[in-house]
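# Observations on the three-dimensional arrangement
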Amino acid sequence: MRNLKDKFVAEFSFIVGLLVVLAVGIPLCAQIDARYGIAETKDVMVAMHDGVKLAADIYRPTQNGQLVDGKFPVILLRTPYNKEDSVQIANSFVPHGYVVVLQDVRGRYKSEGHWRPHVDDPNDGFDTAQWIGSQPWFDGGIGTLGSSYEGATQHALAIGNAPYIKAMVPRNAMSDYGRYGVRHNGAFELRFFNWVFTLGNATGTPDALPAAKRAAVDPAAAKALVEMGDQARDYVRALPLRPGTTPLKFAPDYESWLIEAMSHGDYDDFWKNSGASVVDHLAEYKDVPEYHTTGWYDSWGTQVANINFVELRRTKKSLQRLIIGPWIHSRENLSYAGEAQFTDDAALDLTAFHLRWFDHWLKGIDNGVDREPPVLIYVMGGGDAHKTPEGRIFVGGHWRKEQEWPLARTAPTPYYLHANGVLSPEKPTEDHPITYQFDPRNPVPTIGGNVSSQGTLMFQGAADQRCRLDFWLCSDTKPLSARNDVLVFQTPPLASDIEVTGRLIVKLWASSDALDTDFTAKLVDVYPPNADFPSGVDLNIADSIVRARYRNGFGKAELLKPGQPYEFTIEMYPTSLVFKKGHRIRLDISSSNFPRFDINPNTGEPLNNNRRSQVAGNTIYLDAKHPSQIVLPVIPAETTDTSARGSGGNDGRQGNRAIPSDERPIGPDNGQFFT
């Protein structure tokens, strides 16, 4: 390689790196084989099949300041988020005898070519793996990691059947995003509008200007692109987005993709062949061991748990493993999600977690990771609802091993919507329908949820469903339930604990006087008042939406016949939660959840090309012929453990360990990867 400068890091740098990772909670027992320093080679330009060159940084083991002869397994990260920001991966793996390769994907930062999200990643990933295979320091095995977009690049490697891939950990992986994630039952998730307008979450970081310079066709426009990222709120209120009308015109790769994605609702080749659609490419998907990782409040939980894990486990021979914690997006190291605090052990030590997986599959170490139960879930709930010093509500929870997902012992239990606002297993009889007015100019504000890349648009995770004056879409402090366009259905206070674990599906009978509209559903855990929270807490658990023109699935749009009742299926993100005795289970029905989803103008005009909007009269049916319901995945009481353990926060309250001795996560020293 010509004109490359090798930078050798002295052995003391390894000691510094070791102290850093220990400081964030990696158990000492995970460090006993650490014995190498690190040599760094920056900006190696790797040629792809079409001549475009992608930039990679290579980190190799050293001893006494010199490169170690011999061959090592490789940890590969392909990222849109500036490879130089991921150097901690090298600090974590190279001391344990791995080579780490960090690569900017096509069109981002120092890599050549045009950015087209994931379309080129199957081929680029194949070419990169093949290049690694030709290096003298490579022992024949590649392991891949990364979260979100980086998870999608791993799926692209598998779809492209890249050589030498022996193990993967796709965390919170962006995948199948024409179904959920970018489009969502026909609606558009505006977090991706924000992702593009901030040029990949670069706004507000040192990467903002480099990202803008890389994206701009005219370097003089880079500053305008940076400023645009600070104005995302204004632009989402001004939708639809039309070509050449915003500073995004100076980044045509980004503008063209975003406009097509916002205009493209039908589920066809644009989505199926996006480069990261697992379910559409199962036949060619490489058979490789994978540890699928996500959170109950993660923005990709449906794809990871309900689609990718299920379908790959069904169709592949290699071990497929799933862990779901109580996490927001890419924050497995936290023991809280938004305003909800869980037990201290809810946080995951990612370095130890990754090392166990890769040590087994890439080094052949018999550490038992292949003999553990295939599913590990965190069951939220059961806490005493005290306020932590940080102001969060202690939800509590515990880890539990399972043999499959969804759980075989689940009892799908319909809870029906009644005109008097009751939610109950009792079937409706002759309840009259309820009609409400949905005004696109006054949407229901998003307060928490399964979001990511949200920037200043939204709050992530669990949140009390009340407006607050510091939120840009709220002008008061009333609960969302007080809005006239939010229909609230809730149970009486529960006589006993109920565990709900699995898929959450709403079957809603509804009509509209408009040609098109949206229907939203939100599951809420209603806490009774206590000394710390005298108004109680309305904690969001999951939500979803359906665009009426896509009521028959992801295929071709079909406008409504005004006044005709239809059955709409709204699947939320999955969950695992104990609704405690004395709580209420609540389901909110409305027609907007903004800015989580774009606002339907109700006119039936082409997507992202409306010039008008109108108020829609939307009707929910609640009678025996139209039994609107949510089907809850109830776990029979005799199979649950609803106790909450642990201190929850840093207030010094004492409690038992959050995982009983027979339910600890498995592994060396019974789950050393939990902090």
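Please read these numbers as outputs of a predicted model, since none were measured by experiment.

Let us look at the sheet that holds strand E16 (residues 393-394). Strand order in the open sheet formed by three strands is E13-E14-E16, with mixed pairing between adjacent strands. This sheet does not close on itself; its edge strands, each paired only once, are strand E13 (336-337) and E16.

Here the focus is the sheet that holds strand E24 (residues 518-527). A sheet is described by the order of its strands in space; here four strands give the open sequence E21-E28-E24-E25, paired in antiparallel fashion. Either end of the sheet is taken by a strand with one partner, and the two such strands are strand E21 (487-490) and strand E25 (537-547). For this sheet, the mean inter-axis angle between neighbouring strands, taken without regard to orientation, is 20°. Relative to strand E28 (residues 584-590), E24 is paired through seven bridges, and the arrangement is antiparallel. Across the sheet, residue alanine 521 finds its bridge partner in E28, namely isoleucine 589.

This part is about unusual backbone geometry. In this chain, leucine 239 is followed by proline 240 through a cis amide linkage whose omega measures 15°. As for its position among the elements, proline 240 is in the loop between helix H8 (232-237) and helix H9 (252-263). Along the chain, tryptophan 405 connects to proline 406 via a cis peptide bond; the corresponding omega equals -5°. Take proline 406: it is sitting in the loop between strand E17 (397-402) and strand E18 (411-417). In this structure, serine 148 takes a positive phi of about 65° despite not being glycine. Note on placement: serine 148 falls in the loop between strand E7 (138-147) and helix H4 (149-159).

Burial analysis of strand E15 (residues 375-381) places seven of its seven residues in the buried class, which makes it a mostly covered element. When strand E12 (residues 320-328) meets E15, the two strands line up parallel, connected through three bridges. Of the residues in E15, the one forming a bridge with leucine 322 is valine 375. Relative to strand E27 (residues 575-579), E15 is paired through two bridges, and the arrangement is parallel. Paired with glycine 381 across the two strands is valine 578, which belongs to E27.

Once that is clear, we can look at the pattern of salt bridges. Per the counting criterion, the structure on display carries 36 salt bridges. In this structure, arginine 466 and aspartate 464 form a salt bridge, with 2.6 Å as the shortest nitrogen-oxygen distance. Residue arginine 466 shares its accessibility class with aspartate 464, and that shared class is buried. Of the charged contacts, one joins aspartate 538 and arginine 586 as a salt bridge, the two residues approaching to 3.3 Å between their closest N and O atoms. Remark: arginine 586 occurs in strand E28 and aspartate 538 occurs in strand E25; sequence separation between them is 48 residues. Given a relative accessible area of 3%, arginine 586 falls into the buried group. Where salt bridges share partners, they join Lys42, Asp43, Asp57, Lys83, Glu84 and Lys110 into one cluster.

Attention now goes to the confidence of the model for the protein. Averaged over all residues, the pLDDT of the protein is 90; the fraction at 70 or higher stands at 89%. This stretch, residues 1-32, has a pLDDT under 50; its non-local contacts, to residues over four places away or in other chains, come to 54 contacts. Across residues 641-672, where pLDDT falls below 50, the model places 86 contacts with residues more than four positions away in sequence or in other chains.

This brings us to helix H11 (residues 301-315). Helix length check: H11 (15 residues) gives 20 Å between terminal C-alpha atoms against 21 Å at 1.5 Å per residue, within 8%. At asparagine 308, H11 shows its largest bend, some 30°. Of all 15 residues that make up H11, 11 are buried, and the element is covered over most of its length. Among the residues making up H11, those that are buried are Gly301, Thr302, Gln303, Val304, Ala305, Asn306, Ile307, Asn308, Phe309, Glu311 and Leu312. Those residues of H11 that are buried are in contact with H4, strand E11 (290-297), E12, E15 and strand E26 (566-571).

A few words on the side chain of asparagine 618. Among the secondary structure elements, asparagine 618 is positioned in strand E29 (residues 616-620). Classification of asparagine 618 by relative accessible area gives buried; the value is 0%. Here threonine 517 takes part through its side chain, which lies 3.1 Å from a polar atom of the side chain of asparagine 618. With near-sequence residues (within four places) excluded, asparagine 618 lies in contact with Ile434, Thr435, Tyr436, Phe438, Ser511, Ser512, Thr517, Asp518, Phe519 and Ser591.

Attention now moves to the packing of helix H3 (residues 121-133) against H4. Orientation of H3 relative to H4, taken along the N-to-C sense of each, is 75°, at an axis distance of 8 Å. Classed by the angle they form, the pair H3 and H4 counts as roughly perpendicular. Listed contacts from H4 to Asp121, Pro122, Gly125 and Phe126 of H3 are Tyr149, Thr153, Ala156 and Leu157. Residues that form the contact of H3 with H4 fall into these classes: five nonpolar, two polar and one charged.

A full pass over the atoms with the stated rule returns 27 aromatic pairs. On the numbers, 5.7 Å between centres and 90° between planes, the contact of phenylalanine 93 with tyrosine 98 is edge-to-face. Both residues of the pair, phenylalanine 93 and tyrosine 98, belong to the buried class. The ring of phenylalanine 533 has lysine 387 sitting right over it, with the charged end atom 5.2 Å from the ring centre.

With that out of the way, let us pick up the nonpolar core. Phe193, Leu258 and Phe358 are the most contacted members of the largest nonpolar core, which totals 147 residues. Discounting residues that sit within four places of it in the chain, phenylalanine 358 has contacts with Ile75, Phe93, Tyr98, Gly143, Thr144, Leu145, Ala167, Met168, Val169 and Lys363. Formed by 31 residues, the second largest nonpolar core is a distinct cluster that contains Met48, Val74, Ala162 and Leu312.

Quick look at the environment of histidine 155 now. Here histidine 155 is to be found in helix H4. Since its relative accessible area comes to 0%, histidine 155 is described here as buried. With residues near it in sequence (within four places) discarded, histidine 155 still touches Met168, Pro170, Ala173, Ser175, Val278, Tyr285, Glu290, His292 and Asn308.

Next up on the list: the packing of helix H6 (residues 208-215) against helix H7 (residues 222-229). Where H6 meets H7, the closest approach of the two axes is 8 Å, and the angle between their N-to-C directions is 125°. One element, H6, and the other, H7, form an angle in the oblique class. Here H6 runs over H7; the crossing is right-handed. Between H6 and H7, the residues in contact are Ala208, Leu209, Ala212 and Lys213 and Ala222, Leu225 and Val226, respectively. The residue inventory of the contact of H6 with H7, partitioned by class, reads six nonpolar, no polar and one charged.

What counts as what
- Residues numbered from 1 in each chain as written.
- Predicted model: local features only at pLDDT ≥ 70, side-chain atom pairs only at ≥ 80, totals over all residues.
- Heavy atoms only, no water.
- Pairing = 2+ DSSP bridges.
- Helix = DSSP H or I, 4+ residues; strand = E, 2+ residues; numbered from the N terminus.
- Axes fitted to C-alpha atoms, helices over the stretch in contact; angles between N-to-C directions.
- Buried < 20%, exposed > 50% of the residue type's maximum accessible area, 1.4 Å probe, protein only.
- Salt bridge = Lys/Arg side-chain N within 4 Å of Asp/Glu carboxyl O.
- pLDDT = per-residue confidence, 0-100.
- Contact = heavy atoms within 4.5 Å.
- Expected span 1.5 Å × (residues − 1).
- Bend = angle between axes of the 7 residues up to and from the residue.
- Polar contact = N/O pair within 3.5 Å; in protein donor to acceptor, adjacent residues only side chain to side chain.
- Parallel < 35°, antiparallel > 145°, perpendicular 65-115°, else oblique.
- Nonpolar A, V, L, I, M, F, W, Y, C, P; charged D, E, K, R; others polar.
- Phe/Tyr/Trp six-rings, centres within 6.5 Å; stacked < 30°, edge-to-face > 60°.
- Lys NZ or Arg CZ within 6 Å of the ring centre and 35° of its normal.
- Core = buried A, V, L, I, M, F, W, Y, C linked by side-chain atoms within 4.5 Å.
- Left-handed = near helix turned anticlockwise from the far one by under 90°.

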